[in-house]
Amino acid sequence: MITRFAPSPTGPLHLGHAFSALTAWDLAQAAGGTFLLRIEDIDRSRARPEWEAQILDDLAWLGLRWPTPVMRQSDRQPAYDAALDALWDRGLLYPCTCNRRDILEAASAPQEGAPMGPDGVVYPGICRTKPRTGPRPGDTALRLDLAACQPFVKTPLSADKVGDVVLARRDMGTSYHLSVVIDDAAQGVTDVVRGKDLAEATPIHLFLQELLDLPSPAYHHHRLIRDDSGKRLAKRDDARALSLYRAQGATPRDIRAMVGL
Ligand code: GLU
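For the structure given in this document, a descriptive report is provided here. Remember, predicted model here, so these are calculated numbers, not experimental data. (Residues numbered from 1 in each chain as written. Predicted model: local features only at pLDDT ≥ 70, side-chain atom pairs only at ≥ 80, totals over all residues. Heavy atoms only, no water.)

Before going further, it helps to spend a moment on the overall build of the protein chain. When you go through the protein chain residue by residue, the secondary structure sums to nine helices and 10 strands. In terms of C-alpha radius of gyration, the protein chain reaches 20 Å, essentially the compact-globule figure of 18 Å for 261 residues. Seen through its C-alpha atoms, the protein chain measures out along the principal axes to roughly 60 × 40 × 35 Å. Burial status across the protein chain gives 47% buried among its 261 residues. (Helix = DSSP H or I, 4+ residues; strand = E, 2+ residues; numbered from the N terminus. Rg over C-alpha atoms; globule rule 2.2 N^0.38 Å. Buried < 20%, exposed > 50% of the residue type's maximum accessible area, 1.4 Å probe, protein only.)

Okay, structure coming up:
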């Protein structure tokens, strides 16, 4: 068994992250398997080396160990490009130049507003007719044409419910969905442990694995750690940062108890 914890270094780890990392670690330990760490830093405008260093320090303090070197997504663009090229050559991607406002205006029905999918407003398909010939464009977003993928997958995703998924963002050259699927496969991850907040992304990941001929890991979606008012902890919830509990003298055992482990 291979599990992983895949934080984005865009803020401090809080109790919710600790719960996720410990759950993945415990699962691997119980099976005599391996726990991996992967740094998900495709959003270079928000990722900071200081956060990455703090994350490594907090996780080691919690008692977790992982093989090095740690995979960092900012080093992985060639792998993402290869997948994008293959999908482009199969005619399954199209360039999209829409901004948020274009999408909202085209998607909104007079009464109900805009239909929502796992990635927000369901993309209404404005750019679907753009040409897909020639070399893959590198300067626009690329969306996956879900209807055109139908012949290649057993379980289709509905373009009306999910919306054609962005696989390459203009500013990043990849996307969360594409990177996570390629990297889980490259690292041989057998069991993905992550929060229920990402459960909606899992059908997209299973779909991409089938399309790209990659193995599908088992998915475990754990409960979310909430604050006293019942709200799920967000990245900006620095009040529950592990580093603060550490500074106040908490032990790793205390952290485990706080998250119910
Ligand atoms: N990097 C994602 C996050 O920080 C987690 C990705 C995943 O577990 O699939 O929320």
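This next bit is on the packing of helix α3 (residues 77-89) against helix α6 (residues 176-186). The interhelical angle for the contact between α3 and α6, taken along N-to-C directions, is 105°, at an axis separation of 10 Å. Between α3 and α6, the angle falls in the class roughly perpendicular. Within the contact between the two elements, α3 uses A79, Y80, A83 and L84 and α6 uses L178, S179, I182 and D183. Partitioned by chemical class, the residues of the contact of α3 with α6 number six nonpolar, one polar and one charged. (Axes fitted to C-alpha atoms, helices over the stretch in contact; angles between N-to-C directions. Parallel < 35°, antiparallel > 145°, perpendicular 65-115°, else oblique. Contact = heavy atoms within 4.5 Å. Nonpolar A, V, L, I, M, F, W, Y, C, P; charged D, E, K, R; others polar.)

Reading across the sheet, the five strands line up as β3-β2-β1-β9-β10 and stay open at both edges, with parallel pairing between neighbours. Looking at strand neighbours, the two that pair on one side only are β3 (71-72) and β10 (218-222), the edges of this open sheet. Across two bridges, strand β2 (residues 34-39) lies against β3 in parallel orientation. Looking at the pairing, I39 lines up with R72 of β3. Relative to the sheet, helix α1 (residues 15-30) contacts β1 (2-5), β2, β9 (191-195) and β10, its axis offset from that of β1 by approximately 165°. (Pairing = 2+ DSSP bridges.)

The next point concerns the sheet that holds strand β4 (residues 93-96). Read from one edge of the open sheet, three strands run β4-β7-β8, paired in antiparallel fashion. Each edge of the sheet is formed by a strand with only one pairing partner; in this case those strands are β4 and β8 (166-168). Across the sheet, the mean angle from the axis of one strand to that of its neighbour is 45°, orientation sign disregarded. Two elements, strand β7 (residues 141-144) and β8, share two bridges in a ladder whose sense is antiparallel. Looking at the pairing, L142 lines up with A168 of β8.

Next up on the list: the nonpolar core. Counting residues in each nonpolar core, the largest one holds 29 residues, and the members touching the most others are L93, L144, L146, L167, L178, F207 and L211. Listed by contribution, the elements that provide at least two residues to this core are α3, β7, α5 (146-149), β8, α6 and α7 (202-211). Counting residues per element, this core draws most heavily on α3, at five residues. Ignoring anything within four residues of it in the chain, the contact list for L178 reads Y80, A83, L84, L167, L208 and L212. Grouped together as the second largest cluster of nonpolar side chains are 27 residues, F19, L22, L62 and L242 included. (Core = buried A, V, L, I, M, F, W, Y, C linked by side-chain atoms within 4.5 Å.)

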